[in-house]
Amino acid sequence: MAPSSVVVTIEKPNKFSLEEINGSDSTLLLEKQKAVSPKQFTWFLLLKAHRIVACISWLAMAFKTMLLSVKKRIALSDVNEEEAKSRRLYRFIKAFLVISIVSLVIEIVAHLKKWNLNLIHPWEVQGLVQWSYMAWLSFRVDYIAPLVLTMSKFCIVLFLVQSLDRLILCLGCFWIKYKKLKPRIEGEAYDIEDGSSFPMVLVQIPMCNEREVFAQSIAAVCQLDWPKDRILIQVLDDSDDGNLQLLIKDEVSLWREKGVNIIYRHRLIRTGYKAGNLKSAMACDYVKDYEFVAIFDADFQPNPDFLKQSVPHFKGDPELGLVQARWSFVNKDENLLTRLQNINLCFHFEVEQQVNGVFLNFFGFNGTAGVWRIKALEESGGWLERTTVEDMDIAVRAHLNGWKFIFLDDVKVLCELPESYEAYKKQQHRWHSGPMQLFHLCLPAIVTSKISMLKKANLIFLFFLLRKLILPFYSFTLFCIILPLTMFIPEAELPLWVICYVPIFMSLLNILPAPKSFPFLVPYLLFENTMSVTKFNAMISGLFHLGSAYEWVVTKKTGRSSESDLLALAERESKSSNEEKILRRHSESGLEMLTKLKQLEVTPVKKRNRLYRKELALAFLQLTAAARSLLSAHGVHFYFLLFQGLTFLVVGLDLIGEQIS
């Protein structure tokens, strides 16, 4: 037997006895182990304590750093123009927050003192606080609860109708995938050897102060594969920066020297924003020689075969007015904000646009990455400057005139997503206020048009009312106002399927076109509720023609390029420097050129993250309601309000999206 071994014999089940211990040092070993064990246990406890202290210290430092960052952000923040012009909604939310906090304090006192209205008689009331609590309960049951209950039922009905609409759209998309339905080119394609068989195409690039992206957009459009004598590129520059105008002119001249048929246009009177810019360009005499017009915003980079994939669809279909391509995003994985935007836009293109295009031959023009038949534009009244959604305006008028649209889901054009919350918020405000303006203007024309009753009903009830008005209305009212309110009014409490099951199911449907975004399901659901305050405010502004509804703010771009753009840029820069290009094209002295180049070096404008008061007020409202739900032991309600409040807090502090040090 080996030294220091122990022999164990089993006498009965679950019992054993020690027989012998061999080895001369076995007794010393046991004594040594007994002596060492307390010391080892002490070191073990010290190690654990050290780790706990280190973890607490790290959390404290992180919390301190976050507080200092927030404090600095608050000190440096200013009220942006949109916040200053929409104070009514902010005041309403703030008043609602104050009332909720007061109610929460009274509820906490009642909870601690275990007051029960059913067991207390009026003559047993002791103190002003208890009397106020009893008065509040009576008033709540008799007057507030019925009103809130009626409002919540109305919003739930709207919620279910909108969910049904989204479900039908998804079923339509599944049917398209199952049947492999897609637009097909009728007839033979154009003869590659005979350039005259290709139609005349006008390509327009409207831009306004797009310093970061103009070069890559112009480069991509100039590389479109189309006979050079059958295409004309218009760079429609509305920039008010003289130095930037010189840069764009220089870029246009570079491509013109390479044999590209490209011209530069700049308006002296800049009215009507993008619609005015396009309208001015279409008024040129030479436009009558062209049959189609393709439009690309300044951050869009079409593939060289874009025109060959889109324009042939017009052949053999004289009623086709628009071919719309899908957007793809070069920066969709840049931060959490761009990932959440990608989910929304993937659903918009793959489901909404594709289903409406296949079954109705109508959808809203996306303003870019599309090809119009010029005849359709002219017969529909051309570009109008009456709203901030000129793309939707011309699409509705063309539809009323009987023109058909098709959507190409497999033709994608690279572009950028807004990386900062400020840029995204302004974009969403314009996208949700413009449709309400347009609805006011187009409703008489829709009612008196010659299209079928089915198409009229689709335009009025689905296209405008359900998807542009009802969606932001119930999202904000139900989840941001009524839900926290019901925590103080238990008689009107919302069922679990309204706040949990149906929203999660609908979010799952939204994420299906972007399956890689599945881990962001919960953040997407919470963020969409957070954005409802911006969309609701924009909808109200457009519906009642408030001042902010007529504002057009160009979405800020960062100029992120695809790999092909970077290679093309490197090739151009290696061929000739900027000074040599300018000296080659102008008969000015070198000193004048050097002065001009120095002027072109613009000092970047200092940017900073902002605070958003409405979102912060709603954050504290949601957290206050979460505290009240905790008193009533509401499990799902508490967690939903807690995480929704934290989401509002993160967005209100501008901690989502691009962070500027």
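Residues numbered from 1 in each chain as written. Predicted model: local features only at pLDDT ≥ 70, side-chain atom pairs only at ≥ 80, totals over all residues. Heavy atoms only, no water.

Novice: What should I look at first to understand the pattern of salt bridges in this one?
Specialist: When the charged atoms of two side chains with opposite charge come close together, those side chains can pair. Taken as a whole and judged by the stated rule, the model has 20 salt bridges. For Arg610, the salt bridge identified is with Glu422, shortest N-O distance 2.9 Å. Taken together, the positions of Arg610 in the loop between helix 18 (590-600) and helix 19 (613-631) and Glu422 in helix 12 (residues 421-448) put the pair 188 residues apart, joining distant regions of the chain. Take Arg610: its relative accessible area is 19%, and that puts it in the buried class. (Salt bridge = Lys/Arg side-chain N within 4 Å of Asp/Glu carboxyl O. Helix = DSSP H or I, 4+ residues; strand = E, 2+ residues; numbered from the N terminus. Buried < 20%, exposed > 50% of the residue type's maximum accessible area, 1.4 Å probe, protein only.)

Novice: Would you mind showing me how to read the nonpolar core here?
Specialist: A general trend in soluble globular proteins is that nonpolar side chains are found buried together. Among the nonpolar cores identified, the biggest contains 88 residues, and Ile218, Trp372 and Val396 are the most heavily contacted of them. Of the residues forming this core, the biggest block, 7 residues, is contributed by strand 9 (residues 404-415). Counting 56 residues, the second largest nonpolar core, distinct from the first, contains Val355, Tyr474, Phe476 and Val498. (Core = buried A, V, L, I, M, F, W, Y, C linked by side-chain atoms within 4.5 Å.)

Novice: What is the right way to look at the packing of aromatic side chains in this model?
Specialist: If you walk through the whole model with that rule in mind, you get 25 aromatic pairs. Consider the rings of Phe439 and Phe464, whose centres lie 5.2 Å apart with planes at 40 degrees: the pair is tilted. Residue Phe439 is located in helix 12, and its partner Phe464 is located in helix 13 (residues 453-486); the two are separated by 25 residues in the primary sequence. Pair check on accessibility: Phe439 and Phe464 agree, each one buried. Here the aromatic rings of Phe463 and Phe464 are separated by 5.1 Å at their centres, their planes lie at 85 degrees, and the arrangement is edge-to-face. As far as burial versus exposure is concerned, Phe463 and Phe464 are alike and both buried. Counting every residue linked through ring pairs, the aromatic cluster contains Phe300, Trp327, Phe349, Phe362, Phe363, Phe365, Trp372, Phe405, Phe407, Phe439, Phe463 and Phe464. Here the basic side chain of Lys258 rests over the ring of Trp255, its NZ or CZ set 4.3 Å away from the ring centre. Against the face of Phe463 rests Lys468, its NZ or CZ located 4.5 Å from the ring centre. (Phe/Tyr/Trp six-rings, centres within 6.5 Å; stacked < 30°, edge-to-face > 60°. Lys NZ or Arg CZ within 6 Å of the ring centre and 35° of its normal.)

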